[in-house]
Amino acid sequence: MDSDLIKLVNRLQDTFSNLGAGGELDMPQLIVVGSQSAGKSSVLENIVGRDFLPRGQGIVTRRPLVLQLIHTPSPDPATPTYTEWGQFLHIDKRFTDYNEIRKEIEQETFRVAGQNKGISKLPISLKIYSPDVLDLTLVDLPGLTKIPVGDQPSDIERQIRGLVVDYISKPNSVILAVSAANVDLANSDALKLARSVDPQGRRTIGVLTKLDLMDAGTNALDILTGRVYPLKLGFIGVVNRSQQDINSEKSMTDALDSEAEFFRNHAAYRNIAHKNGTKYLARTLNQVLINHIRDKLPDMKARLNTLMGQAQQELNSFGDAAIYGDKNQQGALILRLMNRFAHDFVASIEGTKVDISTKELSGGARIYYIFNDVFGHALACIDSTSNLDNQDIRTAIRNSTGPRPSLFVPESAFDLLVKPQIKLLESPSLRCVELVYEELVKICHNCTSVELERFPRLHAQLIECVSELLRERLGPTSEYAQSLIEIQAAYINTNHPAFISGSAAAAQAATSPAPKPAQPSRPQSNEPINGVPTLEDEDESSAEEPVGVNGVLSRDGRSVSSTLHDRTRVTGSAPTAKASSSKPHPVHGPRHSSAHSQAPQPGAPGTSPHSARETFLNYFFGQNGPGPIAGSTVDRSHDGPAPVPTGRDVSNAETAGPTGLMAGKRTLDGNNAAFDMKSLGKHIEAISSSEPGSQITLREEMETSLIRSLISSYFAIVRQSIQDLIPKAIMHFLVNYTSQQVQNRLVASLYKPELFADLLNEDEALVAERTRVKALLDAYKEAFKTLSEVNLKPI
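Here the focus is the overall build of the chain. Across its full length, the chain holds 26 helices and nine strands. The 795 residues of the chain split such that 42% are buried. Put simply, 81% of the contacts in the chain that link residues at least 6 apart link residues at least 24 apart. Put simply, the chain shows about 42000 Å² of open surface, and 53% of that area lies on carbon and sulfur atoms.

The next point concerns the sheet that holds strand β4 (residues 94-95). With respect to topology, nine strands assemble into an open sheet ordered β4-β3-β5-β2-β6-β1-β7-β8-β9, the strand pairing being mixed. Every other strand in the sheet has two partners, leaving β4 and β9 (235-237) as the edge strands with one partner each. Where helix α3 (residues 98-113) meets the sheet, it contacts β2 (65-71), β3 (85-88), β4 and β5 (124-130), and its direction lies at approximately 170 degrees from that of β5. Where helix α5 (residues 189-197) meets the sheet, it contacts β1 (29-34), β7 (173-180), β8 (204-209) and β9, and its direction lies at approximately 155 degrees from that of β7.

The subject of this paragraph is the pairing of β5. For β5, the buried fraction is high: seven of the seven residues fall into the buried class. Direction of pairing for β2 relative to β5: parallel, over a ladder of seven bridges. Bridging across to β5, L65 finds its partner in I124. Sheet topology note: the β3/β5 ladder contains four bridges and is antiparallel.

This next bit is on the pattern of salt bridges. Here the structure, examined in full by the defined rule, presents 24 salt bridges. Of the charged contacts, one joins R227 and D222 as a salt bridge, the two residues approaching to 2.6 Å between their closest N and O atoms. Linking K728 and D724 is a salt bridge whose minimum nitrogen-to-oxygen distance equals 3.1 Å. You can see K728 and its partner D724 sitting in helix α24 (residues 698-750), four residues apart, about one turn around the helix. Salt bridges sharing partners connect three or more residues here, namely E45, D51, R102 and R241.

Now for helix α10 (residues 327-350). With 24 residues, α10 ought to run about 34 Å at 1.5 Å a step, and its terminal C-alpha atoms sit 34 Å apart, in line with that. Trailing α10 by a residue or two, G351 shows a phi angle of about 80 degrees, which is positive.

A separate point is the pairing of strand β6 (residues 136-140). Summarising burial for β6: five of the five residues are buried, a large majority. The side-chain alternation of β6 yields two buried faces, one formed by L136, L138 and D140 and the other by T137 and V139. In the sheet, β1 pairs with β6 via three bridges, with the strands oriented parallel. Bridge pairing links I31 to V139 in β6. Sheet topology note: the β2/β6 ladder contains five bridges and is antiparallel. Counted as the bridge partner of Q68 is T137 from β6.

So, about unusual backbone geometry. Despite not being glycine, K210 shows a phi value in the positive range, around 60 degrees. Summarising the element assignment, K210 is placed in the loop between β8 and α6 (221-224).

All right, on to the confidence of the model for the chain then. Taken residue by residue, the chain gives an average pLDDT of 75. The fraction at 70 or more is 71%. pLDDT under 50 marks residues 686-690. Its contacts with residues more than four places away, or in other chains, come to two contacts.

So, on to a nonpolar patch on the surface. Together, L361, Y369 and V374 make up an exposed nonpolar region whose accessible area comes to about 250 Å². Within the secondary structure layout, Y369 lies in helix α11 (residues 364-380).

Here H292 is to be found in helix α9 (residues 278-318). Taking the relative accessible area as the measure of exposure, H292 reaches 11% and is therefore buried. Not counting residues within four places of it along the chain, the set of residues in contact with H292 comprises P28, P171, N172, S173 and V174. Within the local environment of H292, its side chain forms a polar contact with the backbone oxygen of N172, the two atoms lying 2.8 Å apart.

The next point concerns the environment of G475. Of note, G475 is situated in helix α15 (residues 456-490). Spatially, the C-alpha atoms of G475 and V433 are 9.7 Å apart, while their sequence positions differ by 42 residues.

All right, on to the environment of R161 then. One can find R161 in helix α4 (residues 156-168). Distance in space between the C-alpha atoms of R161 and L144 is 6.8 Å, their sequence separation being 17 residues. If we ignore the near neighbours within four places in the chain, the residues touching R161 are L144, K146 and L193.

So, on to the packing of aromatic side chains. Scanning all chains against the criterion turns up 12 aromatic pairs. Plain terms: the ring middles of F88 and F95 are 5.5 Å apart, the flat faces sit at 85 degrees to each other, and that makes the pair edge-to-face. Classification of F88 as buried rests on a relative accessible area of 2%. A centroid spacing of 6.2 Å and a plane angle of 50 degrees characterise the contact between F262 and Y269, whose relative ring orientation is tilted. Taking relative accessible area as the criterion, F262 reaches 21% and is therefore assigned partly exposed. Owing to a relative accessible area of 0%, Y269 belongs among the buried residues under this scheme. In textbook terms, an aromatic cluster arises when at least three aromatic residues are bridged by ring pairs, as seen for F262, F263 and Y269. We note R94 situated over the ring of W85; from NZ or CZ to the ring centre the distance is 4.4 Å. The lysine or arginine in question, R473, covers the ring of Y737, its NZ or CZ lying 4.0 Å from the ring centre.

Attention now moves to the side chain of R394. Assignment of secondary structure puts R394 in helix α12 (residues 390-401). Classification of R394 by relative accessible area gives buried; the value is 6%. Side chain to side chain, R394 and E700 meet in a polar contact 3.1 Å long.

With 16 residues, α3 should reach 22 Å at 1.5 Å per residue; the first-to-last C-alpha distance of 22 Å fits that figure. In this structure, the buried residues of α3 make contact with β2, β3, β4 and β5. The opening residue of α3 is D97, an N-cap whose side-chain oxygen sits 3.1 Å from the backbone nitrogen of N99. Phi turns positive one or two residues past the end of α3, at G114, with a value near 90 degrees.

The next subject is the side chain of N172. Relative to the helices and strands, N172 resides in the loop between α4 and β7. Assessed through its relative accessible area of 7%, N172 is described here as buried. Leaving out residues up to four positions away in the same chain, N172 has contacts with D26, M27, P28, Q29, H292, K296 and M300.

On to the packing of helix α14 (residues 426-446) against α15. The geometry of α14 relative to α15 is characterised by a closest axis approach of 10 Å and an angle of 165 degrees between their N-to-C directions. Taken together, the axis directions place α14 and α15 in an arrangement best described as roughly antiparallel. Where α14 crosses over α15, the handedness of that crossing is right-handed. Here α14 contributes E426, S429, L430, V433, Y437, L440, V441, C444 and H445 to the contact with α15, which in turn contributes I463, V466, S467, L470, R471, L474, T477, S478, A481, Q482 and I485. In the contact of α14 with α15, the residues fall into 12 nonpolar, six polar and two charged.

Conventions used here
- Residue indices follow the written sequence of each chain, beginning from 1 at its first position.
- Totals for whole chains, interfaces and linings use all residues, but because this is a predicted model, local features are given only for residues with pLDDT of at least 70 and pairs of side-chain atoms are given and counted only at 80 or more.
- Side-chain calculation: all heavy atoms of the structure are included, whereas hydrogens and water are not.
- Helix and strand assignments follow DSSP, with helices taken as H or I runs no shorter than four residues and strands as E runs no shorter than two, numbered in order from the N terminus.
- Accessible area is worked out with a 1.4 Å probe on protein chains only. A residue is then buried under 20% of its type maximum, exposed over 50%, and partly exposed in between.
- The criterion used for residue contact is that any of the two residues' heavy atoms lie within 4.5 Å.
- Values of accessible area rely on a 1.4 Å probe in the Shrake-Rupley scheme; residue burial ignores everything except the protein chains shown.
- Paired strands are those between which DSSP finds at least two bridges.
- Here the axes come from fitting lines to C-alpha atoms, over the contacting stretch only for helices, and the angles between their N-to-C directions go from 0 to 180 degrees.
- Any Lys or Arg side-chain nitrogen located within 4 Å of an Asp or Glu carboxyl oxygen qualifies as a salt bridge.
- Expected span, for any helix, means 1.5 Å times one less than how many residues it has.
- Predictor confidence is given residue by residue as pLDDT, running from a minimum of 0 to a maximum of 100.
- Each patch is built from salt-bridge-free residues with over 30% relative accessible area, joining like charges within 9 Å and nonpolar side chains (Val, Leu, Ile, Met, Phe, Trp, Tyr) within 5 Å.
- Any pair of N or O atoms that falls within 3.5 Å is considered a polar contact. Within protein, one atom must be able to donate a hydrogen and the other to accept it, and sequence-neighbouring residues count only if both atoms are side-chain atoms.
- Side-chain rings of Phe, Tyr and Trp, where Trp is taken by its six-membered ring, are said to pair if the distance between their centres is within 6.5 Å; with planes under 30 degrees apart they count as stacked, over 60 as edge-to-face, and otherwise as tilted.
- Should the NZ of a Lys or the CZ of an Arg lie within 6 Å of a ring centre and within 35 degrees of the ring normal, that charge is described as sitting over the ring.
- Should an angle lie under 35 degrees it is considered roughly parallel, over 145 roughly antiparallel, and from 65 to 115 roughly perpendicular; all remaining angles are considered oblique.
- Two helices crossing with the near one rotated counterclockwise from the far one by less than a right angle form a left-handed crossing, whereas a clockwise rotation gives a right-handed crossing.
- Only Asp, Glu, Lys and Arg are considered charged, only Ala, Val, Leu, Ile, Met, Phe, Trp, Tyr, Cys and Pro nonpolar, and every remaining residue, Gly among them, polar.

Structure, rendered in structure tokens:
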């Protein structure tokens, strides 16, 4: 009965070790602990009665050795078969030669722990069948060291100590603390570690070695009798073979006889000789282990019951492989997984998922963050007029008026400038659509479960189906978002209630103080030349009337001549007006006769606005053009009641030539300075090239400021509308549509009987894991049944 208990534990230990669950169930076993060279291996060899463990200098045991001693019946002398053998758990072979066992231990140690002096936690399991042993289970651990030697790791002490503590800290283990008798017991590392995990000494057995090496006149009687360091299981003294005995190949039988003779003949140990020695130690360990197993049986059964429940729950999570051959059960399973996937997808968007993260935003919360923070911040960072300089605005105003001057800022210029600014909202809007699409794809990939992970192909097809639905909705959503921007740019609603009216902005700009431009210096003499007022006189006379900015009439009325004069000054002729007026040359006769004089080229320095305009008009109408046109400026500048001519001026008929368009040809042939088409193109190019460097007038500054304020006001209206409409469009076309159609799409695409077998193809690793868990559960059930039967037997 008692031997059956140890064999039962050994069988359970082998079973769980093969299944990779050796650490799940705490098996009762003896743990051999001691300092390096304290004699642990020698004690084990004495118990076995064979020399089979590696020996040498320094650390020899570098992996835990689980040694199971199994007693076999005495063989029949007539049977010539072998009676003793050893067998490792990692190799299916019986070893009858103990020297081969020693070599296999060394090779297996080198294979895992390497050639250096490092250690490994992976144990070596060895069974020894012999009629000379008692049923025992011992674990030989590496010896405790203090200082790394040779190529040992610098933390070798910490590694060994951690390995030893892992084994002896288990409540079902019995500690076999081996200490040398020729060293003070207070310095025993084995007893120190044993006390740290077993303070009361209930499961610690003390073993004293090297009693024959103590100094003469000293003995360990007080320690062996428990008066120095009391242990519940007591101390047992042994005498091992010396190194000389090993070298001389002294047999184990002779060594055991010498040990027994030492205790019988020693004066101090004579009375306790029957409680010391290797044979007594083996019997004591056998009985202690049996009693320990008997005491721990209830705990082992409770632990096995817990492990069976956990294994059954894990096996249930993998599902039963038997149902995958039935088409109806396969269809029901796929449909249930589809519904679960679609529900998790919608719940993640709505924020109703059970396992919501508290560490970071996820699901619908990230979509809200994109709408309000990312997209809103992107729109707020757009400056409506940052890419428009004053020259662009002034050019747009001029281009929109065409050849005619305008009394007010043209509305077409505002439309021309504000539409490109509205287009700036298109890029953030499309990027917002892309971000929400990417977030929905992430949500789709995160929708999984333990049961769904069993079928990687089904999971991949579910993700691909939802991703395809999202890709289909990405195009219409982006197109609609783009169309919202185009709608805003298609019609500029200046009657919007929030839009600043043009009159209010103009009044604000007019009332705001503006620096007055520097006035050009006047000529020394302001007398009219030959009784005909010059262009400067016109400016002076017009200054007496109510004017606006830069000599232009106010919004109530603006003359064509003043507008033309204002444009001429902008083109760069203003600086030359001072030079021409400061040095007036005498003009004899009417104004049209000045065309015959040597006039400078158009656009050249020294050309006055008056001569430039007069030459330009003479090109089309001739020097003696119609009276109202040729003399309109002069007649309008006279204050007196001078009659206005109504026909051709014939006061200088002898010098008059062809008029109208023919005048240009005559002057061209005569090498005069009048304009031809080529010189007119050069003149326009000169004006255009001088515009960037020209000085902006006060009127143009007011118009530019007005346009900027109008663009900013209208852009703010459009931006606010886009910030509200884009999220609504994304939710309608992409998010809500996908949430409503995801389940229908999954069923329509994947619920097909011909796809069931492929979709339910399980992962190979999961199949192997299910097989392992099932085998482990069967082993737990068998072990629990065996322990229950043992408990029913009389003890």
